[in-house]
Amino acid sequence: MQKIDVKVLHEKMGELSFEREHNHYVFNYTKKGAPISLIMPYRSSSYIWKNRLHPIFDMNMPEGYLFEILKQFISKEYGYIDDFLTFSYLCANIQSRLHYESWFAHNNIASFHLADILQNDTKDTFSKLVHTYLSKNAISGVQPKSLALLKDKESLSTKEYIIKTWGEEYEQLALNEYFCLKTIEKAGVTIANIQLSKNNRFLVVERFNYNKKREEFLGFEEILTLLGKNKEEKYKGSYENVARTIYTITTNKQESMRSFYTLVVMNYLLKNGDAHLKNFGILYTNDFKEIYFSPVYDVVTTMVYYYKDRPALTMFGKKLWFGKKELLKFGVQECHLSYSASETIYTKCIKSLQHTIEELEKYLQKNSEFQNIGSKMLAIFRLSLNEKTYKELPDELIRNWH
């Protein structure tokens, strides 16, 4: 039986195997020590996941665009494909707190210069990145994206980045996400380090799972993983459950809950209908003394692409675009905040949105290529300023877009 060695900071802790006849994925600890996941403490008996990978491994499985490319390559090369073969192919090149050894050789992979990628944001450049890092692309998400090792000429260091791009289906997605994340940053929440490429074709996102002071990788787990779920279940859940998970597991509860609440409010104001269970994360040190809400990533105004989009998860049992009253109630009842603290955060979010509206208005005056998406974002943001609850966008607003 083929096995994958699972290591914590290069020290082997266990083995992952696949019982193909039963379609069971099996993990066994081989020594007592640091757990591989916050929901998988050491035990002598096996962790068996039926019909799917354990969530801590599934978290790295590609979806959408990347999976289709990888599926074609693996199926052609090996005559079949399953999650265990796919993960075995990718895992040796994963850079994280967990390291892996499989029967696939760990190859030295080329790196590119960050400045060159930012300047040459063409389809050919992206295609080159995808194929260069095909054996390394253990990242989820359906939009076109690729991991890349990029050299920074100023710091003389090589870091891991995620390069996101877009096609006709999601016009100007990189710039959309840039404005959204910067709005959240203005509201006082840490976001991933991001840069836009020269022609706004790429959003370049620096990975945040490395502690420079300790010179070691931090543990990172999505809320989906901490709930014991796999990617197919990312839309099954509630923001209340996310809040409870974060509060239960973090060590800096007050700070983490304030950041989470701010993000939830911003997702509703920005009309991000894709804030699912994979888009909230937790970071932790290897000694588990610090467990905290991760920087924010993957936030987009989705309603410019899907006019009838709804929130990805339920709040108060419903998928509605709640206004101020309900969002303040959520802060008090679920995020352990006082009413005044919730109101202060909400007001700061509104001011951040107003500031972005002003920035976007000025940007559109000089950048006509963003007019279609940018003007729709403006209309949505202005609608959010009235602080009311909506089931979906008003018909009158949508008619004005056509």
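Please refer to the structure placed before this passage.
This text gives an overview of the structure that appears in the document. Residue positions are counted from 1 within each chain, in the order its sequence is given. Per-residue local features of the predicted model are confined to residues with pLDDT of at least 70, and side-chain atom pairs are confined, for both listing and counting, to 80 or more; whole-chain, interface and lining totals are unaffected and use all residues. Only heavy atoms go into the side-chain values, all of them from the structure, while hydrogens and water stay out.

**Considerations on the overall build of the protein**
Each helix is a run of H or I in the DSSP string that is no shorter than four residues. Each strand is a run of E no shorter than two, and both are numbered from the N terminus. Counting its secondary structure elements, the protein contains 13 helices and 15 strands. If you line up the protein on its principal axes, its C-alpha atoms span 60 × 50 × 40 Å. Exposure categories follow from relative accessible area, calculated using a 1.4 Å probe and restricted to protein chains: below 20% of the type maximum is buried, above 50% is exposed, and the middle band is partly exposed. Taking all 402 residues of the protein together, 56% fall into the buried category. Contacts are assigned to residue pairs with any non-hydrogen atoms lying within 4.5 Å of each other. Counting contacts in the protein only where the partners sit at least 6 residues apart, residues at least 24 apart contribute 64% of the total. Put simply, the protein shows about 18000 Å² of open surface, and 48% of that area lies on carbon and sulfur atoms. For the purpose of charge, His is not counted, nor are the chain termini; Lys and Arg are scored as positive and Asp and Glu as negative. Just so you know, the charge point we use is NZ for Lys, CZ for Arg, CG for Asp and CD for Glu. Averaging the positions of the 54 positive and the 48 negative side-chain charges in the protein gives two centres separated by 3 Å. Under the convention used here, a 1.4 Å probe and the Shrake-Rupley method define accessible areas, while residue burial counts only the protein chains that appear.

**Quick word on the sheet that holds strand β9 (residues 194-196)**
The strand order β6-β7-β8-β10-β9 describes an open sheet built from five strands, whose pairing is mixed. In this open sheet, the two strands that pair with only one neighbour each are β6 (112-113) and β9. Strands qualify as paired when DSSP identifies two bridges or more between them. Sheet analysis places β6 next to strand β7 (residues 145-152), joined by two bridges and oriented parallel. Across the sheet, H113 pairs through a bridge with K151, a residue of β7. Sitting on the sheet, helix α6 (residues 173-186) touches β8 (157-164), β9 and β10 (203-206), and the angle it makes with β9 is about 140°. To obtain each axis, a line is fitted to C-alpha atoms, and for helices this fit is confined to the stretch in contact; angles are then taken between N-to-C directions over 0 to 180 degrees.

**Concerning the pattern of salt bridges**
Any carboxyl oxygen of Asp or Glu that lies within 4 Å of a side-chain nitrogen of Lys or Arg is treated as forming a salt bridge with it. Summed over the entire model, instances satisfying the criterion amount to 23 salt bridges. A salt bridge links K7 to E101; the nearest nitrogen and oxygen atoms lie 2.6 Å apart. Taken together, the residues span a long stretch of sequence, with K7 in strand β1 (residues 3-8) and E101 in strand β5 (residues 98-101) at a distance of 94 residues. The exposure class of E101 is partly exposed, given its relative accessible area of 40%. Counted as one network, the salt bridges with shared partners bring together K3, D5, K12 and E15.

**Thoughts on the sheet that holds β5**
One open sheet holds the five strands; their spatial order is β4-β3-β2-β1-β5, and the pairing between them is antiparallel. Either end of the sheet is taken by a strand with one partner, and the two such strands are β4 (47-50) and β5. In this sheet, adjacent strand axes meet at a mean angle of 25° when their direction is disregarded. Here strand β3 (residues 24-29) runs beside β4; their pairing, made up of four bridges, is antiparallel. Bridge pairing links F27 to Y47 in β4.

**Notes on the pairing of strand β14 (residues 281-284)**
Every second residue of β14 is oriented toward a common face, with G281 and L283 on one face and I282 and Y284 on the other, all of them buried. Across four bridges, the pairing between strand β13 (residues 219-222) and β14 is antiparallel. Its bridge partner lying in β14, G219 is registered against Y284. Examined bridge by bridge, β14 and strand β15 (residues 291-293) share three bridges and lie antiparallel to one another. Looking at β15, one finds that L283 is bridged to Y292. If you look at the hairpin formed by β14 and β15, you'll find six residues sitting between the two strands, and F288 has a positive phi there, around 65°.

**Focus on unusual backbone geometry**
Phi at L9 takes a positive value of approximately 50°, unusual for a residue other than glycine. Looking at the secondary structure, you find L9 in the loop between β1 and β2 (11-19). The backbone of D298 shows a phi angle near 55°, a positive value even though the residue is not glycine. Checked against the element boundaries, D298 lands in the loop between β15 and α10 (324-334).

**Quick word on the environment of Y346**
On the secondary structure map, Y346 appears in helix α11 (residues 339-366). When its relative accessible area of 1% is taken as the criterion, Y346 is described as buried. Residues Y346 and C180, 166 residues apart in the sequence, show an inter-C-alpha distance of 16 Å. Look past the residues within four positions of Y346 in its chain and what remains in contact with it is V265, L269, K324, L327, L328 and E387.

**Description of the pairing of β1**
Taking burial as the measure, the six residues of β1 include five buried ones, the bulk of the element. Here six bridges tie β1 to β2, and the two strands are oriented antiparallel to one another. Each bridged residue has a counterpart across the sheet, and for I4 the counterpart in β2 is L16. Once β1 ends, the chain turns through two residues before running back antiparallel as β2, passing L9 with a positive phi of about 50°. Where β1 lies against β5, four bridges are found, and the strand directions are antiparallel. Paired with V8 across the bridge in β5 is L98.

**Some points on the packing of aromatic side chains**
Between two aromatic rings, the relevant description is the distance of the centres plus the angle of the planes. Between the rings of Phe, Tyr and Trp (Trp by its six-membered ring), a pair exists once the centres lie within 6.5 Å; its type follows the angle of the planes, with under 30 degrees stacked, over 60 edge-to-face, and the other angles tilted. Going through the model one piece at a time under the given rule, you end up with 37 aromatic pairs. Between F27 and F57, the aromatic rings sit 6.2 Å apart at their centres with planes inclined by 55°, giving tilted as the arrangement. A residue pair is termed long-range when its members are at least 10 positions apart, and F27 in strand β3 and F57 in helix α1 (residues 55-58) qualify at 30 residues. Exposure class is identical for F27 and F57. Each is buried. Ring centres 6.1 Å apart and planes at 70° place the aromatic pair F57 and Y100 in the edge-to-face group.

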